[in-house]
Amino acid sequence: MLHFDEEKLKRIFMDELKYLEQRAEHAVKTLKTLDEKMQPILDQWIKDRTLSDHAVNGVTIGMVLKDFNVIDIFVAFIYLNDFACDREYAEDYLKNPAQYTWLR
């Protein structure tokens, strides 16, 4: 479970990313449930909206955004969490990122 200022993150989603309130609340609730390995990445993003180079099982948020053609940071966190929770999945992806192009 991740720890952060829920109201602050909700305001970021609504004010900066133009999420509707219900979607922002859903995003905050979902992000709280992510693997603890995700904490430094989310902390950095909340602090200044920069993408951390911190890797979880070898995969970074930047790689997810690029290789999976994701434009929504919330979705990118969900994808990265899959790698945080499954080392074998991350290792398979790192061996051949091109095999995931069907997901684009």
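Located above this text is the structure these notes cover.
I will try to describe carefully the structure that is included in this document. Remember, it's a predicted structure, so these values are computed and weren't measured experimentally.

**So, the nonpolar core**
Counting 34 residues, the largest nonpolar core has Leu-9, Phe-13, Leu-31, Trp-45, Phe-77 and Leu-80 as its most contacted members. Among the elements of the structure, helix H1 (6-16), helix H2 (21-32), helix H3 (39-48), helix H4 (61-67), helix H5 (73-85) and helix H6 (87-95) are those that each provide at least two residues to this core. Ignoring anything within four residues of it in the chain, the contact list for Leu-80 reads Met-38, Ile-41, Val-56, Val-59, Thr-60, Ile-61 and Val-64.

**Describing the environment of Asp-72**
Mapping Asp-72 onto the fold places it in the loop between H4 and H5. Assessed through its relative accessible area of 17%, Asp-72 is described here as buried. Distance in space between the C-alpha atoms of Asp-72 and Leu-17 is 8.9 Å, their sequence separation being 55 residues. In contact with Asp-72, not counting residues within four places along its chain, are Tyr-19 and Arg-23. Side chain to side chain, Asp-72 and Arg-23 meet in a polar contact 2.4 Å long.

**Overview of the pattern of salt bridges**
Note on pairing: side chains with opposite charge can pair once their charged atoms come close. Within the structure shown, the criterion is met by seven salt bridges. With a closest N to O distance of 2.4 Å, Asp-72 and Arg-23 form a salt bridge. Taken together, the residues Asp-72 in the loop between H4 and H5 and Arg-23 in helix H2 connect sequence positions 49 residues apart. Since its relative accessible area comes to 39%, Arg-23 is described here as partly exposed. A salt bridge links Asp-67 to Lys-66, with the shortest nitrogen-to-oxygen separation between them at 3.4 Å. Put simply, Lys-10, Glu-21 and Glu-25 are held in one network by salt bridges that share partners.

**Focus: the packing of H2 against H5**
Any two packed helices are characterised by the angle at which their axes cross and by the distance between the axes. In the contact formed by H2 and H5, the axes pass within 11 Å of each other and the chain directions differ by 20°. As judged from the angle between their axes, H2 and H5 are roughly parallel. Classified by chirality, the crossing of H5 by H2 is left-handed. On H5, the residues touching His-26, Ala-27, Thr-30 and Leu-31 of H2 are Phe-74, Phe-77 and Ile-78.

**Overview of a negative patch on the surface**
Where like charges cluster on the molecular surface, the negative patch consists of Asp-82, Asp-86, Glu-88, Glu-91 and Asp-92. Residue placement: Asp-82 occurs in helix H5. Residue Asp-82 is classed as partly exposed on the basis of its relative accessible area of 39%.

**A short note on the environment of Ala-24**
Mapped onto the elements of the fold, Ala-24 is located in helix H2. Taking C-alpha positions, Ala-24 is 29 Å from Arg-87, a pair spaced 63 residues apart along the chain.

Thresholds, definitions, all that
Residues numbered from 1 in each chain as written. Predicted model: local features only at pLDDT ≥ 70, side-chain atom pairs only at ≥ 80, totals over all residues. Heavy atoms only, no water. Core = buried A, V, L, I, M, F, W, Y, C linked by side-chain atoms within 4.5 Å. Buried < 20%, exposed > 50% of the residue type's maximum accessible area, 1.4 Å probe, protein only. Helix = DSSP H or I, 4+ residues; strand = E, 2+ residues; numbered from the N terminus. Contact = heavy atoms within 4.5 Å. Polar contact = N/O pair within 3.5 Å; in protein donor to acceptor, adjacent residues only side chain to side chain. Salt bridge = Lys/Arg side-chain N within 4 Å of Asp/Glu carboxyl O. Axes fitted to C-alpha atoms, helices over the stretch in contact; angles between N-to-C directions. Parallel < 35°, antiparallel > 145°, perpendicular 65-115°, else oblique. Left-handed = near helix turned anticlockwise from the far one by under 90°. Patch = residues over 30% accessible without salt bridge, like charges linked within 9 Å, V, L, I, M, F, W, Y side chains within 5 Å. Areas by Shrake-Rupley, 256 points an atom, 1.4 Å probe, with all protein chains shown as cover. Lys, Arg positive; Asp, Glu negative; His and termini not counted. Charge placed at Lys NZ, Arg CZ, Asp CG, Glu CD.

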